[in-house]
Amino acid sequence: MGDQRKPQNRVAETLDFQTTTTPTGPAAATTTSPAIDDIVFSVSNVELIDNPAPTHHHIRRRGRPRKLPEHSEKPDKTLVASPTRRIDNNGASTIHNFVTVEASTAAAAASRWERVAVARAVPSMDAVVKVFCTHTEPNFSLPWQRKRQYSSNSSGFVIGGRRVLTNAHSVEHYTQVKLKKRGSDTKYVATVLAIGTECDIAMLTVESDEFWEGVSPVQFGDLPALQDAVTVVGYPIGGDTISVTSGVVSRIEILSYVHGSTELLGLQIDAAINSGNSGGPAFNDKGNCVGIAFQSLKHEDVENIGYVIPTPVIMHFIQDYEKNGAYTDFCIFKKYQPISPCRKDVGLSNF
């Protein structure tokens, strides 16, 4: 009898899955083990095939040349939703979980943007303080006595020269003023240096050296433009900790200052300003103070309308105090106004 050759099992060449051929005849159906270095098993219909590492020798295969898959320019679209298994040359299998890599990359990018957002929204929170004031209004009907005392809470912030700015209506008719720093339960007694009724700004100071430890003063910025982002920081009602609200500049015009019954330059913003936000700073994207929150419009037909004292008015108040040692006045047109402050502004002596 001549030599009878046994039929050989051939492995189908494919990139998605492996099939085996069953010989015909009396031989039983058998399955061959993989021997090709780039065969991939996948648990899903879509998978990512890595480029095989270059080798010094090339194996020449029979049949038609295999067609290589076209790689997408964006590899993130070819990431599978489940792990894939790859058979190495030595028969060992390794699992590549591309979903974990994609998630970690997205998480890193998200955390980076969160750090940038926090840095822009909360530039100098430690410089913002809470103001506790006890008020006793005079009784004009009975001048020899005062009305019943009441207390209020507001906000303020630290500036250079161991000074604190807040609103004038926050310390109006004060009998005692105390300040508390963020993250501290200690209240420090403050001294009122100047009160500007027209511009609704007041200047305070604290004698205790402990209060000024670890506090950096706020830096002032230029007058913002329309649609510039602003962030208001303070201690409004609704909680005891610091609060941050953000918005944009909606309007820049001469506003009516309710406390001083005057009209000065002001900013309208759409950030929420509630009771307790008075005296708190408004920051821009660079972390500089561009105003002081002082009033808001409450009406059933409007919402998110708050007003901020801009830096030109603030700087006029500070420079007036530094030049004269006290607050004098704004040289603005009134029906009845003392002429002494206006003469002092232009360098003339009083009568």
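Predicted model only: the values in this text are computed from it and were never measured. (Residues numbered from 1 in each chain as written. Predicted model: local features only at pLDDT ≥ 70, side-chain atom pairs only at ≥ 80, totals over all residues. Heavy atoms only, no water.)

Draft legend 1. Geometry of unusual backbone geometry. The backbone of Gln227 shows a phi angle near 70 degrees, a positive value even though the residue is not glycine. Summarising the element assignment, Gln227 is placed in the loop between β9 (201-206) and β10 (229-234). Since its relative accessible area comes to 68%, Gln227 is described here as exposed. At Ser261, a position not held by glycine, the phi torsion is positive, near 55 degrees. Along the chain, the position of Ser261 falls in the loop between β11 (243-257) and β12 (262-269). (Helix = DSSP H or I, 4+ residues; strand = E, 2+ residues; numbered from the N terminus. Buried < 20%, exposed > 50% of the residue type's maximum accessible area, 1.4 Å probe, protein only.)

Draft legend 2. Broad picture of the packing of aromatic side chains. Taken as a whole, this structure holds five aromatic pairs when the rule is applied. Ring geometry for Tyr257 against Phe294: centres 4.7 Å apart, planes inclined by 35 degrees, an arrangement best described as tilted. Within this pair, whereas Tyr257 is found in strand β11, its partner Phe294 is found in strand β14 (residues 289-296), the two being separated by 37 residues in sequence. Taken individually, Tyr257 and Phe294 each receive the classification buried, so the pair is uniform in this respect. Cluster of aromatic residues (ring-pair linked, three or more members): Tyr188, Phe211 and Trp212. Residue placement shows Lys181 over the ring face of Phe211; its charged tip is 5.9 Å from the ring centre. The side chain of Lys187 reaches across the aromatic face of Phe132, ending 4.0 Å from its centre. (Phe/Tyr/Trp six-rings, centres within 6.5 Å; stacked < 30°, edge-to-face > 60°. Lys NZ or Arg CZ within 6 Å of the ring centre and 35° of its normal.)

Draft legend 3. Representation of the sheet that holds strand β5 (residues 150-159) in the model. Spatial ordering of the closed barrel is given by β4-β5-β6-β9-β8-β7, a layout of six strands whose pairing is antiparallel. Neighbour-to-neighbour, the strand axes of the sheet open up by a mean angle of 40 degrees, direction not taken into account. Packing against the sheet, helix α2 (residues 311-324) makes contact with β5, β6 (163-166), β8 (187-196) and β9, and its axis sits at approximately 55 degrees to β9. (Pairing = 2+ DSSP bridges. Axes fitted to C-alpha atoms, helices over the stretch in contact; angles between N-to-C directions. Contact = heavy atoms within 4.5 Å.)

Draft legend 4. Structural detail: the side chain of His135. Turning to its location among the elements, His135 is positioned in strand β4 (residues 128-135). A polar atom in the side chain of His135 sits 2.6 Å from the side chain of Ser152. Aside from chain neighbours lying at most four places away, what touches His135 is Arg148, Gln149, Tyr150, Ser151, Ser152, His169, Ser170, Val171, Glu172, His173, Tyr174 and Thr175. (Polar contact = N/O pair within 3.5 Å; in protein donor to acceptor, adjacent residues only side chain to side chain.)

Draft legend 5. Examining the nonpolar core more closely. By size, the foremost hydrophobic cluster in this structure holds 48 residues, and its most contacted members are Leu165, Leu179, Ile201 and Phe317. Ignoring anything within four residues of it in the chain, the contact list for Leu179 reads Val129, Lys130, Val131, Val164, Thr186, Lys187, Tyr188, Ala190, Leu204, Val206 and Phe211. One finds Val249, Ala271, Ile273 and Ala293 within the second-largest nonpolar core, a separate group that totals eleven residues. (Core = buried A, V, L, I, M, F, W, Y, C linked by side-chain atoms within 4.5 Å.)

Draft legend 6. How the structure looks around the pairing of β10. The buried fraction of β10 is high, at five of six residues. Relative to β11, β10 runs antiparallel, the two being bridged by six bridges. For Thr231, the partnering residue across the bridge sits in β11 and is Ser246.

Draft legend 7. Local environment of the pattern of salt bridges. Under the criterion given, the structure shown has four salt bridges. Taking the shortest distance from any N to any O, the salt bridge between Glu322 and Arg163 comes out at 3.2 Å. Of this pair, Glu322 sits in helix α2 while Arg163 sits in strand β6, and the two are 159 residues apart along the sequence. Glu253 is the partner of Arg251 in a salt bridge, and the nearest nitrogen-oxygen pair spans 3.9 Å. Judged by its relative accessible area of 34%, Glu253 is partly exposed. (Salt bridge = Lys/Arg side-chain N within 4 Å of Asp/Glu carboxyl O.)

Draft legend 8. Seen up close, a nonpolar patch on the surface. A cluster of nonpolar side chains, Leu223, Leu226 and Ile252, forms an exposed patch at the surface whose accessible area comes to about 240 Å². Position of Ile252 relative to the elements: it lies in strand β11. Overall, the relative accessible area of 30% leaves Ile252 in the partly exposed class. (Patch = residues over 30% accessible without salt bridge, like charges linked within 9 Å, V, L, I, M, F, W, Y side chains within 5 Å. Areas by Shrake-Rupley, 256 points an atom, 1.4 Å probe, with all protein chains shown as cover.)

Draft legend 9. Up close: the sheet that holds β11. Judged by pairing direction, the barrel is antiparallel, and its six strands sit side by side in the order β10-β11-β12-β15-β14-β13 before closing back on the first. Direction aside, the axes of adjacent strands within the sheet are offset by 50 degrees on average. Sheet analysis places β11 next to β12, joined by eight bridges and oriented antiparallel. Note that in β12 the partner of Ile252 across the bridge is Leu267.

Draft legend 10. The pairing of β9, seen in detail. Extensive coverage of β9 is indicated by the burial of six of its six residues. The side-chain alternation of β9 yields two buried faces, one formed by Ile201, Met203 and Thr205 and the other by Ala202, Leu204 and Val206. Two strands pair when backbone bridges link them, and β8 and β9 are joined in this way by six bridges, in the antiparallel orientation. Within the sheet, the bridge partner assigned to Gly196 lies in β9 and is Ile201. In this structure, the hairpin formed by β8 and β9 is closed by a connection of four residues, where Asp200 is found at a positive phi of approximately 60 degrees.

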